[in-house]
Amino acid sequence: MKKIVVLVSGGGTNLQALIDAETNGKIPNGSITCVISSKEGAYALERAKNHGIKIRTIARKEYADAADYSKAILEALTEEQADLVVYAGFMTILDEQVVRAFPNKMMNVHPALIPSFCGKGYYAVCACTRRLLKRA
């Protein structure tokens, strides 16, 4: 069984879709084992707790720069033994150290057609996706 770790920043509607897919047997070889949020109090954490999924908060604002934050996320993903990392509304760009540690084991979920229907800050999501695709 593959361990799926989901990175979130907000309400968790994408996370809920993943939870529902797992519950309905649409993810037969994987299980969401942990949800990591970049913000304390994100509703996505409540969604995870309601389904018995381990939660962690690694607040971006507590780190001096992107490299330090990426290192903290990488340590958490390693501790959780992630087989697949899913960005589900995760609004922070992680640097190359994370991408290198999980080659072909990361995916980004975005609920809209990019770039036509993006909300505020969509560039962060697009930049993350481009960075991942360049390394695949």
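Going by the structure above, here's the rest.
Quantities reported herein were computed from a predicted structural model and do not represent experimental measurements.

### Things to note about the overall build of the chain
Here comes step 1: Secondary structure assignment for the chain yields five helices and five strands.
Here comes step 2: Overall, the chain shows an N-to-C arrangement of helices and strands of β-α-β-α-β-α-β-α-β-α.
Here comes step 3: Relative to its 136 residues, the chain shows a buried fraction of 40%.
Here comes step 4: Nonlocal contacts in the chain, meaning residues at least 24 apart in sequence, comprise 59% of its contacts between residues at least 6 apart.

### With respect to the pairing of strand β2 (residues 30-37)
Here comes step 1: Here β2 lies mainly inside the structure; six of its eight residues are buried.
Here comes step 2: Since strand β1 (residues 2-8) and β2 lie parallel, the crossover through helix α1 (residues 13-23) that links them has a hand, and here it is right-handed.
Here comes step 3: The pairing of β2 with strand β3 (residues 54-57) spans four bridges and is classified as parallel. Bridge assignment links S37 to a residue of β3, and that residue is T57.

Thresholds, definitions, all that
Residues numbered from 1 in each chain as written. Predicted model: local features only at pLDDT ≥ 70, side-chain atom pairs only at ≥ 80, totals over all residues. Heavy atoms only, no water. Helix = DSSP H or I, 4+ residues; strand = E, 2+ residues; numbered from the N terminus. Buried < 20%, exposed > 50% of the residue type's maximum accessible area, 1.4 Å probe, protein only. Contact = heavy atoms within 4.5 Å. Right-handed = clockwise from strand over helix to strand, strands pointing away. Pairing = 2+ DSSP bridges.

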